[in-house]
Each structure stands twice: as structure tokens, then as C-alpha cells.
Amino acid sequence: IFSTPTGSTAYSMAAGGSVVHPAVPAILVTPICPHVLSFRSMIFPDHVVLRCYVPSDARSTACVHFDGKHRTELFRGESVEIRMSAHPVPTINRADHSSDWLGSLKRNFNFNTRVKQKPL
């Protein structure tokens, strides 16, 4: 999964990737069911251009999905280039960037919450 911090909370987190604050200018890479234990989630600075390609000797083609909707088949030797957009999507916040984000994580994923236990 290639994503921005605002996209990390859903797809990347579900695959075990890092949760990154939306104000961090970064591109996240999260492997889904990697075949080797050494392939882990990575976070790159936003100026990096990444390329994911299908090797020319691959056994099959590959598919790339954009936000789970648009599907494109990649054939042997083809690639897809990932870069940060020059036109970021503006967001509206109730309070401030961090309070809204942390509140959303807590509300939706029970982040940093603990169920009260009954006394012994």
C-alpha cells in the first residue's frame, strides 16, 4: 500500500502499517502479506519519487488499485510511479489539526483507552 498520512489510518493501519500524523509530509509504504520477514512498513519524505514495477521475468501480471476503486493491470516490465501531489487536499478542522486527529483515533479505534476494571 502506498499512501499519504491521511490515507494511512484506514488501509495502511489495517495491514499493520504505521499511523502517521496528517501534518507529516510523507509517503507511506505498507506491505500486504509480504513473503519475506525483512519487508516492513517504511516512511519516506514527501519529495521522494517511488517506482513499483513488475519484473520482466515475472510469472504473471500484476494489478494496481487506486483507493480500492480503479483497477489497472500492469504487464511484465511495466511500472507505476508514486509521488506526492503538488496540490494537497485542504482539510477543515473543528479544533486544531492534532486534537481532531487524536480524537478521531480515540473515538474510532479506541486508541489509548482502557476499560475500567472492577475492584478486586
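The structure contained in this document is the topic of the report that follows. (Residues numbered from 1 in each chain as written. Predicted model: local features only at pLDDT ≥ 70, side-chain atom pairs only at ≥ 80, totals over all residues. Heavy atoms only, no water.)

## A closer look at the pairing of strand β5 (residues 62-66)
The side chains of a regular strand alternate, residue by residue, between the two faces of the sheet. Pairing analysis gives five bridges linking β5 to strand β6 (residues 70-74), with the strands arranged antiparallel. Counted as the bridge partner of F66 is H70 from β6. Adjacent in sequence and paired antiparallel, β5 and β6 are bridged by three residues, among which D67 carries a positive phi angle near 60°. (Pairing = 2+ DSSP bridges. Helix = DSSP H or I, 4+ residues; strand = E, 2+ residues; numbered from the N terminus.)

## Quick notes on the sheet that holds strand β1 (residues 2-3)
Judged by pairing direction, the sheet is antiparallel, and its three strands sit side by side in the order β1-β2-β3 without closing on themselves. Looking along the sheet, the strands with just one partner apiece sit at the ends: β1 and β3 (42-45). Here two bridges tie β1 to strand β2 (residues 26-29), and the two strands are oriented antiparallel to one another. Following the sheet pairing, S3 is matched in β2 by L28.

## Focus: the environment of I43
Note that I43 resides in strand β3. As for I43 and S56, which are separated by 13 residues in sequence, their C-alpha atoms are 27 Å apart. Not counting residues within four places of it along the chain, the set of residues in contact with I43 comprises S18, V20, A26, I27 and L28. (Contact = heavy atoms within 4.5 Å.)

## Describing helix α2 (residues 97-109)
Taking 1.5 Å as the rise per residue, α2 with 13 residues should run 18 Å; its terminal C-alpha atoms sit 18 Å apart, in good agreement. Its side-chain oxygen 3.1 Å from the backbone nitrogen of S98, D96 forms the N-cap of α2. Looking one or two places after α2, you find N110, whose phi comes out positive at around 55°. (Expected span 1.5 Å × (residues − 1). Polar contact = N/O pair within 3.5 Å; in protein donor to acceptor, adjacent residues only side chain to side chain.)

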